[in-house]
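Tertiary structure, described
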Amino acid sequence: MPETTLVWLRNDLRISDNPALADALKHDRPVHALYVLENDRGLRPMGAAAKAWLHQSLNVLSHALAERGVRLHYQEGESGSLLPRFAKEINASAIYWNRRYDPAGRTHDKTLKASLRENGHVVESFNASLLVEPWDIATQSGTPYGVFTPFWKTLRDKAIPDPIGRIEKHEKITSPKLDMPKAPFWSDGIFDAWTPGEDSAKSALAAFLEDALSDYPQGRDVPSRDVTSRLSPYLRHGEIGPRQVWFATRHLIDANPSRTSAGEKFLSELAWREFSYHLLFHRPDISQHPMQERFADIDWRTDTKALHAWQKGQTGIPIVDAGMRQLWTTGWMHNRVRMLTASLISKNLLLDWRKGEQWFWDTLVDADPANNPASWQWVAGCGADAAPYFRIFNPVTQGEKFDPNGDYVRQWVPELSDLPDKWVHKPADAPGSVLAQSGVELGKTYPKPIVDLKTSRTRALEALAR
Ligand code: FAD
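Computed from a predicted structure; not experimentally measured.

**With respect to the overall build of the protein**
The secondary structure content of the protein amounts to 21 helices and five strands. Over its C-alpha atoms the protein spans a radius of gyration of 23 Å, differing by no more than 12% from the 23 Å that the globule rule assigns to 466 residues. Seen through its C-alpha atoms, the protein measures out along the principal axes to roughly 80 × 50 × 45 Å. Taking all 466 residues of the protein together, 57% fall into the buried category. Working note: accessible area of the protein is about 20,500 Å², and carbon and sulfur atoms make up 50% of it.

**What to know about the sheet that holds strand β2 (residues 31–38)**
An order of β3-β2-β1-β4-β5 is seen for the five strands of this open sheet, with the pairing classed as parallel. The open sheet terminates on both sides in strands that have one partner only, identified here as β3 (70–77) and β5 (122–126). Sheet twist, expressed as the mean angle between neighbouring strand axes with direction ignored, is 25°. Helix α2 (residues 48–67) rests against β1 (4–9), β2 and β3 of the sheet, and its axis sits at about 155° to β3. On top of the sheet, helix α3 (residues 79–89) reaches β1, β2, β3 and β4 (92–98); it is set at about 145° to β3, its chief contact.

**Focus: the nonpolar core**
The nonpolar side chains of soluble globular proteins are, as a tendency, buried together. Counting residues in each nonpolar core, the largest one holds 55 residues, and the members touching the most others are Trp310, Met324, Leu344, Phe360 and Leu419. Ranked by residue count, the leading element in this core is helix α14 (residues 335–348), at six residues. Not counting residues within four places of it along the chain, the set of residues in contact with tryptophan 310 comprises Thr315, Val320, Met324, Thr341, Leu344, Ile345, Gly356, Trp359, Phe360 and Trp376.

**So, the domain arrangement of the protein**
By domain assignment, the protein separates into domain 1 (4–126), domain 2 (130–162 + 197–282) and domain 3 (293–465). Counting from both sides, the interface comprises eight residues of domain 1 and, opposite them, seven residues of domain 3. When the buried area of domain 1 at its contact with domain 3 is split by residue, Arg44, Gly47 and Ala49 rank highest and sum to 63% of it. Its salt-bridge partner being glutamate 357, residue arginine 44 comes within 2.7 Å of it at the nearest N-O pair. Linking domain 1 with domain 3 are five residue pairs in polar contact (both at pLDDT 80 or more), by the criterion used here. Partitioning the side of domain 1 that touches domain 3 into residue classes produces six nonpolar, one polar and one charged.

**Quick notes on the pairing of β3**
Side chains on a regular strand alternate between the two faces of the sheet. Strand direction decides the pairing type here: β2 and β3, joined by eight bridges, are parallel. Looking across to β3, one finds that alanine 33 is bridged to leucine 72.

**With respect to the side chain of arginine 273**
Structurally, the position occupied by arginine 273 is in helix α11 (residues 260–282). Among all residues touching arginine 273, those that are not within four sequence positions of it are Ser129, Leu130, Leu235, Pro242 and Asn371.

Calculation criteria
- Residues numbered from 1 in each chain as written.
- Predicted model: local features only at pLDDT ≥ 70, side-chain atom pairs only at ≥ 80, totals over all residues.
- Heavy atoms only, no water.
- Helix = DSSP H or I, 4+ residues; strand = E, 2+ residues; numbered from the N terminus.
- Rg over C-alpha atoms; globule rule 2.2 N^0.38 Å.
- Buried < 20%, exposed > 50% of the residue type's maximum accessible area, 1.4 Å probe, protein only.
- Areas by Shrake-Rupley, 256 points an atom, 1.4 Å probe, with all protein chains shown as cover.
- Pairing = 2+ DSSP bridges.
- Axes fitted to C-alpha atoms, helices over the stretch in contact; angles between N-to-C directions.
- Contact = heavy atoms within 4.5 Å.
- Core = buried A, V, L, I, M, F, W, Y, C linked by side-chain atoms within 4.5 Å.
- Domains from an automatic or database assignment.
- Buried area = accessible area lost by both parts, 1.4 Å probe.
- Salt bridge = Lys/Arg side-chain N within 4 Å of Asp/Glu carboxyl O.
- Polar contact = N/O pair within 3.5 Å; in protein donor to acceptor, adjacent residues only side chain to side chain.
- Nonpolar A, V, L, I, M, F, W, Y, C, P; charged D, E, K, R; others polar.

Have a look at this one:
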């Protein structure tokens, strides 16, 4: 059998700006790509919605790879044993992959790399998913950053490499049928809302830069408006890389200086993703352990009924319910509403933020090993550069501010759609006659609030004070 090259795909499901793939295609050897849905000990298993997305994405990628002469294979199990076995089967002399940054994944990859090299394989790894890798950015004293603004200032001045241009092509092959599970029954809403794959990612970026960027600084906090990029699931699965987003935005700013401030705002949000990866890399398991040690011993409440009401969007607090239902239906939630739903559970309900993080992990199509836990810790007040523990969002006033006409609530909580704007964020305060006219019967057509916002705020302040 001729010698081949193996590309181990992970969070880099794209053809363009994929350094591992580009390098593999430089050599005059057949190239195979392998995706392993990993269940090795210590690695965090992928959540359900992200997995549904993954399968669709791999189907799309399989065709694109075949066009370039690369056959994609799919396996489930322990990458630690499957990868070496598969490399042997296809007689791979070289194995390439793009790096990941969670401590468990890194240890795993390091061990695997060493043992593959010992067995005579050439093994190389690359950066496909960050603008700057964690070891290439540090404070002046050489320590990791713990605060976002100085991190962003340093990142902005770094020389970010341009994305890789055209890649070599091998002769086209017939696209293989991947042996993967069928889309689960609950994923219809997700795929009504999204089309996974690299082409969709590129179109989303182009449409955002063309139509929405100018409105981004003001509009990004308004959940009923479609002015954020919605690139998060594509970035999560690597269907687009941050260098591509950076480069396209910079290019646009250079050509249209009037869009500089909107463009910079957008890039600074992209930099939050980099910051989350910086934290993920430098800290112990951030999905399990608070980054600020003084929050390690909080006496969280146990309240399964409240947890389920939150998960199902039945808390009786309209903007929270709208967000939780948007999440359940489409696998995505607007950033402002993510903050409000996370604040309600970790502060007003005083339930362990890890329970909320795990629910998001299972239901978000963009469930990200760095962004999800880092953002949860930010809202819960125990993260790096976090909102202080005493900052407790009031979801009613936040709703009135960012969803003033109740458009978002009406979309996702249709049983409240006939309420006047004045009451749509606080039906429990509305006069009985208004509720009756709007067809709302609290406790029957829509729940009464499961928590009193005022007293629960005081309870949280007492429990979280450190
Ligand atoms: P845009 O505003 O268009 O931003 C572009 C990109 O920048 C995003 O795709 C994302 O990669 C990055 N970004 C933007 N805002 C943030 C932020 N605050 N923190 C980190 N990166 C950011 N984001 C995820 O990608 N995966 C998650 O699992 C995730 N979980 C979250 C959980 C909570 C509790 C909160 C409050 C936020 C979470 N976020 C997560 C961050 C943010 O909500 C999403 O990245 C954003 O809503 C995605 O929409 P967009 O692509 O339209 O964002």
